[in-house]
Amino acid sequence: MHYLMTGGTGFIGSRLVHSLLEDNHKVTVVSRSPEKVMGLLGPGVNAVSLNDVNLIKEPIDGVINLAGEPIVDKRWNAQRKKLLRESRIDFTEQLIEQLVMADARPAFFISGSAIGFYGSHEGGAPLNEKSNPVIGFTHDLCRDWEAAALEAQKRLGSRVCLLRTGVVLGAGGGALAKMLPPFKFGLGGAIGSGEQWMSWIHLEDEVAAIRFLMVHETLVGVFNVTSPNAVTNKVFTKTLGAVLDKPTWLTVPEFMLSLMLGEASELLVKGQRVYPACLLDAGFEFTYPGLEEALHSVL
Ligand code: NDP
């Protein structure tokens, strides 16, 4: 099969590319730097820029759309918010436009979203795919990104699946790479009250869930892509400390994060307890449902 992937050079995408190549599929990665893709991902991967997708001659069996400017890295000023939106919503619209021009008929269009869709839920009730969101920047961003992807159903006739992904835990990148340095020096600690929920997923389960959605032709719509066992920040902190054999008695005050990250600090200070109801109903089995085993495998 021949798959088109955006975000294929990223933390999740690169693992998915390798998993597809291992099974002898062909992958074309859409990148802002197509000339660097082979160096990053190895031989056997084709690469194009977004504007050249319309020139692809080989039939495309499916699309996985993961591109987007990193969310937590910088303060969300107006310019940053514009970039976060453009790199997802405008990008997805242009991708579909290019695929229409190429006369492509991918069987599926699997597209990124995030648990940020649900906004900042402070209560502990588990959220399934039908739960109501709390309105705010991350909700608007994910809602509009999902709406842009749903156009693939109308314009390309594709089955659309939307990935409301939680915090992905894997080696060499993602949230854990940012969290680890203070923990390794024994300076790790809970954030604010530590009562906020963290909905996480192991990188291998994230990739397996995408591949599950790729091959199950009846599955369509929204999927929470998180482990079934979300934890509070306090529990996450204690478990990470125990796995690393480091103390975690410090607390990171909310105001410090707010000073560093502004509005973006809400992602760390407030949380969501998300439950992957649709994936479980469809029969998906997690390799790492529990945090301790997941962290042991990564670290
Ligand atoms: P990464 O940041 O590792 O990679 C995203 C890719 O998007 C990059 O490799 C890059 O590809 C492309 N990209 C980055 N900025 C832009 C831009 N301004 N315009 C166009 N393309 C851009 O992301 P992850 O792999 O961690 O995540 C993939 C998707 O899943 C993201 O959209 C993310 O928001 C979402 N997600 C991730 C979570 C996580 O914990 N990792 C949690 C929830 C959602 P290139 O440089 O080749 O163009």
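Residues numbered from 1 in each chain as written. Predicted model: local features only at pLDDT ≥ 70, side-chain atom pairs only at ≥ 80, totals over all residues. Heavy atoms only, no water.

J.: Would you take a moment to explain unusual backbone geometry for this structure?
T.: Most peptide bonds adopt trans geometry, and most residues besides glycine take a negative phi value. Its identity as a non-glycine residue notwithstanding, N24 has a phi of 65°, on the positive side. In this fold, N24 is placed in the loop between α1 (11–22) and β2 (26–30). You will see that D245, though not glycine, has its phi angle at about 60°, which is positive. Here D245 shows up in the loop between α7 (233–244) and β13 (250–252). Residue D245 is classed as exposed on the basis of its relative accessible area of 68%. (Helix = DSSP H or I, 4+ residues; strand = E, 2+ residues; numbered from the N terminus. Buried < 20%, exposed > 50% of the residue type's maximum accessible area, 1.4 Å probe, protein only.)

J.: I'm lost on the pattern of salt bridges in this one. Help?
T.: Pairing is possible between side chains that carry opposite charge, provided their charged atoms lie close to one another. Taken as a whole, this structure holds 14 salt bridges when the rule is applied. For R15, the salt bridge identified is with E204, shortest N-O distance 3.2 Å. Of this pair, R15 sits in helix α1 while E204 sits in helix α6 (residues 203–215); the two residues are 189 residues apart in sequence, bridging distant segments of the chain. Taking the relative accessible area as the measure of exposure, R15 reaches 24% and is therefore partly exposed. Relative accessible area serves as the criterion here: at 31%, E204 is assigned to the partly exposed category. Among the salt bridges present, the one from R164 reaches E146, with a minimum N-O distance of 2.7 Å. With R164 in strand β6 (residues 159–165) and E146 in helix α4 (residues 137–156), this residue pair connects regions lying 18 residues apart in the sequence. With a relative accessible area of 3%, R164 lands in the buried category. In this structure, a network of salt bridges that share partners links the residues R85, D140, R143 and D144. (Salt bridge = Lys/Arg side-chain N within 4 Å of Asp/Glu carboxyl O.)

J.: Help me understand the layout of surface pockets in this model?
T.: In this approach the atoms are scanned with a rolling probe the size of a water molecule, which exposes any empty space left behind. When its volume is computed, the second largest pocket comes out at roughly 160 Å³. Surrounding the second largest pocket, M1, Y3, D61, A107, F108, R159, M214, V215 and E217 form its lining. Of the residues belonging to the lining of the second largest pocket, the class tally is 6 nonpolar, no polar and 3 charged. (1 Å grid on protein atoms, 1.4 Å probe; cavity = no way out; pocket = protein on both sides within 12 Å on 5 of 7 lines; lining within 4 Å. Points joined across faces, edges and corners; volume = space filled by probe spheres on them. Nonpolar A, V, L, I, M, F, W, Y, C, P; charged D, E, K, R; others polar.)

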